[in-house]
Number of protein chains: 2
Amino acid sequence: MSLLIVGTTALDSIKTPHQENPRLLGGSASHAAIAASFFAPAQLMGVVGDDFPSEYTALYEKHGIDLSGLERSKGNTFHWEGEYEVNMNNRRTLETDLGVIEHWMPSVPSSLAESQYVLLANCAPQLQHHVLKQLKSPQFVVADTMDLWLNIARQELEALLKEVDCLVLNDSEARQLMEEDNLVVATQEMHRFGPRYIIVKKGEHGAILSGPKGLFVAPAFPLKTVIDPTGAGDSFVGGMLGYLAEKGGDIESHLRQAIIHGSVTASFCCEGFGVTTTTQTTRQDIDQRVRELVDLVSF
Amino acid sequence: MSLLIVGTTALDSIKTPHQENPRLLGGSASHAAIAASFFAPAQLMGVVGDDFPSEYTALYEKHGIDLSGLERSKGNTFHWEGEYEVNMNNRRTLETDLGVIEHWMPSVPSSLAESQYVLLANCAPQLQHHVLKQLKSPQFVVADTMDLWLNIARQELEALLKEVDCLVLNDSEARQLMEEDNLVVATQEMHRFGPRYIIVKKGEHGAILSGPKGLFVAPAFPLKTVIDPTGAGDSFVGGMLGYLAEKGGDIESHLRQAIIHGSVTASFCCEGFGVTTTTQTTRQDIDQRVRELVDLVSF
C-alpha cells in the first residue's frame, strides 16, 4: 500500500556530556521514513536547502525512499541544535534555524496525491493540514505533534484533528492538552477532537492506544544503552505506519502489532546518534527484537 | 504454604486537596497482609499501641490474618501524617510519631518461626534482619525497602540483602542505590548485593523483574481513578507473595503470574483511601481484573 510521510527534513547538531555531533541527518520525516522503509516503500515530502549533504540523499535512497516529493530550495536546511543532560532525559534547544522550511507550503506532486497511508509527521499543523487537503482519498491518516504546536498553534491543530484518523503525542503533551493528570482519562478524552485512534507515547514506558475497541497498553523494549533518543518518537510512528501499510486491510486487526513493531524500531533509534543505528538495522533485527519482547512481557 | 509478613502496623492520616482522613489503618504490614490474604492465610508480625482501634483488629480478622505475632504495647501506635498534591504523585510527610515501633525488636513466636514464605515488608533493615535471623528454614524471603533506609541505614540494608532471595524497591530508589540512571542496568546490577531476584516497582508504569532467567517487564492495570496510592507498593508485594504461597513449588514457574496478581491487587488499593477499597475487594474481582489486563496487553 502506498505510504506518504510529510514532515521536517533537518540537520541536527546534538551535544551530550561526552560528544558533539554536528549536522546529523534529522527531522521528523527523515526518522519516520527510514523507520517505515523496513516495512513498506515510503514516499517522503520535505524540503532541504542547498547545504543538504548529498550523502544524506544517498541514505534516503539506500532505504528505497521515493524522493519525488523532496524539494530543494535556495537557502539553509532547517537546523536544530540541542543538548542532552547526563541522564539523557532532559534536553534543551540551543538554537533553531528554520531555514527553507519557514515558508514551505508545498504542492503535492500528482504521483503522491493518491497515497493511502499518510503520516503527517511532527511539523506545523497548518503545514500538515495544507498537505492533507491536497490528497485524493487517503485511507488512514496519522498526525504526530508536539508541545510547541499546543502552545503556539492550538486552533490550527484542532482544525487538523477533525480530519485525521489517529493522533500521536507524548504523555506530557496529552496531560497538557487535556489539562488532566490521569493519563488514561486524558487519552480517552482526546477522542472528542475527532480522531478514532489516540496513541500516547510514554518513552521508556511504552505507549497507550485508545480506539473503538478500548485500550491497548504497549510495552517498550527495555534498553541498557540509550545514546540519543532524538527521533525515537518519529521512528515509532514511522515504523507503526510502515507496518500497517505492509499488512493492508483492516487497521484494527493490525494496529497492536503495528505499535509493537514501531516501538521496537524506535528502540534501535535510541541506540545511536541521529539515524546512525537505525540505518544499520535490518528487518530481521526488528523481527528478532519483537520476538525477544514477546518473551520479556509474557506471563 | 505458611506466609509470614513483618513490618509496620500504623495509623495514617492522609490529606488530599479535597479530603482529610484521620487515623486510617495503615503500615506496610497491614497493606501487605490484607493483600496477601486473598491468596493464602497470612501471619502478621507487628506492634500497636493502646490507642489501636478494635475495629482495625476486627478488619485483620475478617481477612483471616493470624495475629499471634501482633504485639500490643503501652504507648501510641506508629502514626504517619502526610499530604498529597493535586496530581496525587507528590506526597510530603507532615508528621511522624514512631510510638511503640521505635524500640520494637520482637521475638518470633514459635508458631511463626517455621514460616516458609516471608515478607520483610518496608521497615528498618535492622528490624527486618532481627526477625529473619529467628526463622528456622524460610524457603523464599522477600525484602521491601524505601529511600529512607538507603539514606540512614545503608550498611544494615546491605547486610540484610546478603540473606534474602528477593529485593523489592521503586524505580527512583533503584537509581539512587546504584547511582545509575538507566533502570535496566540498575536493576540487573543490584544482584551483586545478594538477592537472586530484583523487582523494581514503577507505579503506574508497572514493574521490572530481574532473575536467573532474565528480565520480565510487567504492566500495571491502567486506572482512571487514583484516590490514594499510599500502601500500593506494600499491596503489590503482599499480593505477589500471597500468590506464590498459594501456588507453592518452584518460585520461577509462578513468579511472573505472582507479579501480575500483586500488581492488580495494588490497583484496587489506589482506588480508595487506606485499605478501604482493598478490604471490599474479592478474589473474584482480582481474577476478573487479571483477565482484563491480559486483554489490555496482548498483541
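Residues numbered from 1 in each chain as written. Chains lettered and ligands numbered in written order. Predicted model: local features only at pLDDT ≥ 70, side-chain atom pairs only at ≥ 80, totals over all residues.

Caption draft 1: Representation of the overall build of chain A. Scanning chain A from N- to C-terminus turns up ten helices and 13 strands. Relative to its 299 residues, chain A shows a buried fraction of 49%. A separation threshold of at least 6 residues defines the contact pool for chain A, and within that pool the share at least 24 residues apart is 65%. (Helix = DSSP H or I, 4+ residues; strand = E, 2+ residues; numbered from the N terminus. Buried ≥ 20, exposed ≤ 12 C-beta atoms within 10 Å, placed from the backbone. Contact = placed C-beta atoms within 7 Å.)

Caption draft 2: View of the environment of glutamate 292 of chain A. As for its placement among the helices and strands, glutamate 292 of chain A is situated in helix H10 (residues 283-297). Remark: the alpha-carbon pair of glutamate 292 of chain A and phenylalanine 221 of chain A, spanning 71 residues in sequence, is separated by 8.6 Å.

Caption draft 3: Region of the structure containing the relation of the copies chain A and chain B. Rotating chain A by 180° about the axis while translating it 0.0 Å along that axis superimposes it on chain B, leaving an RMSD of 0.0 Å. Both chain copies can therefore be described as sitting about a two-fold axis. If distances are taken from each C-alpha of chain A to the rotation axis, the shortest is found for histidine 205 of chain A, at 3.1 Å. (Least-squares fit on C-alpha atoms with pLDDT ≥ 70 in both.)

Caption draft 4: Quick look at the pairing of strand S13 (residues 214-218) of chain A. All names here are of chain A. Sheet topology note: the strand S12 (residues 207-211)/S13 ladder contains five bridges and is antiparallel. Each bridged residue has a counterpart across the sheet, and for serine 210 the counterpart in S13 is leucine 215. Between the end of S12 and the start of S13, which pair antiparallel, lie two residues. (Pairing = 2+ DSSP bridges.)

Caption draft 5: Inspection of unusual backbone geometry at higher detail. All names here are of chain A. With a phi angle near 45°, glutamate 179 is a residue other than glycine that sits in the positive phi range. Considering the arrangement of structural elements, one finds glutamate 179 in the loop between helix H6 (171-178) and helix H7 (183-189). Note on glutamate 179: 8 C-beta atoms within 10 Å, which makes it exposed.

Caption draft 6: Here's a closer look at the interface of chain A and chain B. Taken together, the contact between chain A and chain B spans 21 residues of the former and 21 residues of the latter. Elements supplying a minimum of two residues to the side of chain A that touches chain B: H7, S13, helix H9 (251-270) and H10 of chain A. Residues belonging to the side of chain A that touches chain B are distributed by class as follows: 14 nonpolar, four polar and three charged. (Nonpolar A, V, L, I, M, F, W, Y, C, P; charged D, E, K, R; others polar.)

Caption draft 7: Broad picture of helix H3 (residues 125-133) of chain B. Three or more residues of H3 of chain B are buried, namely Pro125, Leu127, Gln128 and Val131 of chain B. All buried residues of H3 of chain B fall inside an arc of 160° around its axis, so they share one side. (Arc of directions from axis to C-beta.)

Caption draft 8: Broad picture of the sheet that holds strand S7 (residues 91-97) of chain B. All names here are of chain B. Read from one edge to the other, the open sheet built from four strands follows the order S3-S2-S6-S7, with strand pairing classed as mixed. The open sheet is flanked by strand S3 (20-26) and S7, the only strands paired with a single partner. Strand-to-strand twist of the sheet, defined as the mean angle between neighbouring strand axes without regard to direction, takes the value 20°. Sheet topology note: the strand S2 (residues 10-15)/S3 ladder contains five bridges and is antiparallel. Of the residues in S3, the one forming a bridge with alanine 10 is glycine 26. (Axes fitted to C-alpha atoms, helices over the stretch in contact; angles between N-to-C directions.)

Caption draft 9: Summary view of the environment of methionine 190 of chain A. Residues and elements named next belong to chain A. Summarising the element assignment, methionine 190 is placed in the loop between H7 and strand S11 (197-201). The exposure class of methionine 190 is buried, given the 22 C-beta atoms found within 10 Å. Methionine 190 sits 20 residues away from serine 210 along the chain, and the two C-alpha atoms are 9.2 Å apart. Residues contacting methionine 190, with those up to four places away along its chain left out, are Leu167, Ala174, Leu177, Met178 and Ile198.

Caption draft 10: Representation of the packing of H3 of chain B against helix H5 (residues 154-161) of chain B within the structure. All names here are of chain B. Taken N-terminus to C-terminus, the directions of H3 and H5 make an angle of 30°; their axes are 8 Å apart at the nearest point. Taken as axis vectors, H3 and H5 run roughly parallel relative to one another. Like other packed secondary-structure pairs, H3 and H5 cross with a definite hand, here left-handed. Along its contact with H3, which presents Pro125, Gln126, Gln128 and His129, the element H5 presents Glu156, Leu157, Ala159 and Leu160. A per-class count over the contact of H3 with H5 returns four nonpolar, three polar and one charged. (Parallel < 35°, antiparallel > 145°, perpendicular 65-115°, else oblique. Left-handed = near helix turned anticlockwise from the far one by under 90°.)

Caption draft 11: Molecular detail of H5 of chain B. Residue and element names in this part refer to chain B. Buried residues of H5: Leu157, Leu160 and Leu161, and no others. Along H5, the residues classed as buried sweep out an arc of 95° about the axis, all on the same side. The secondary structure elements touched by the buried residues of H5 are H3, strand S9 (140-144), helix H4 (147-152) and strand S10 (166-170).

Caption draft 12: A look at the sheet that holds strand S3 (residues 20-26) of chain A. Residues and elements named next belong to chain A. Sheet architecture is open: four strands sit in the order S3-S2-S6-S7, paired in mixed fashion. For this open sheet the edge positions go to S3 and strand S7 (91-97), each flanked by a neighbour on one side alone. On average, each strand axis in the sheet is inclined to that of its neighbour by 20°, with strand direction left out of account.

Caption draft 13: Up close: the confidence of the model for chain A. The pLDDT averaged across chain A works out to 96; a share of 99% of its residues lies at or above 70. Of the two predicted TM-score estimates for the complex, the pTM is 0.96 and the ipTM is 0.95. (pLDDT = per-residue confidence, 0-100.)

Caption draft 14: Structural detail: the nonpolar core. Of all hydrophobic cores here, the largest spans 191 residues; its most connected members are Ile5 and Val142 of chain A together with Ile5 and Val142 of chain B. Filtering out sequence-adjacent residues up to four positions away, isoleucine 5 of chain A remains in contact with Ala29, Ala32, Ala33, Ala36, Ala42, Gln43, Leu44, Leu119, Ala121 and Gly238 of chain A. (Core = buried A, V, L, I, M, F, W, Y, C linked by C-beta atoms within 7 Å.)

Caption draft 15: Structural context of the pairing of S7 of chain B. All names here are of chain B. For S7, a buried count of zero out of seven residues is recorded, marking the element as mostly open to its surroundings. Sheet topology note: the strand S6 (residues 78-84)/S7 ladder contains six bridges and is antiparallel. Looking across to S7, one finds that tyrosine 84 is bridged to arginine 91.

Caption draft 16: Region of interest: the environment of cysteine 166 of chain A. Residue and element names in this part refer to chain A. Counting through the fold element by element, cysteine 166 comes out in strand S10 (residues 166-170). The buried category is assigned to cysteine 166, around which 24 C-beta atoms lie within 10 Å. Apart from residues lying up to four places away in sequence, cysteine 166 is in contact with Val142, Pro195, Tyr197 and Ile199.

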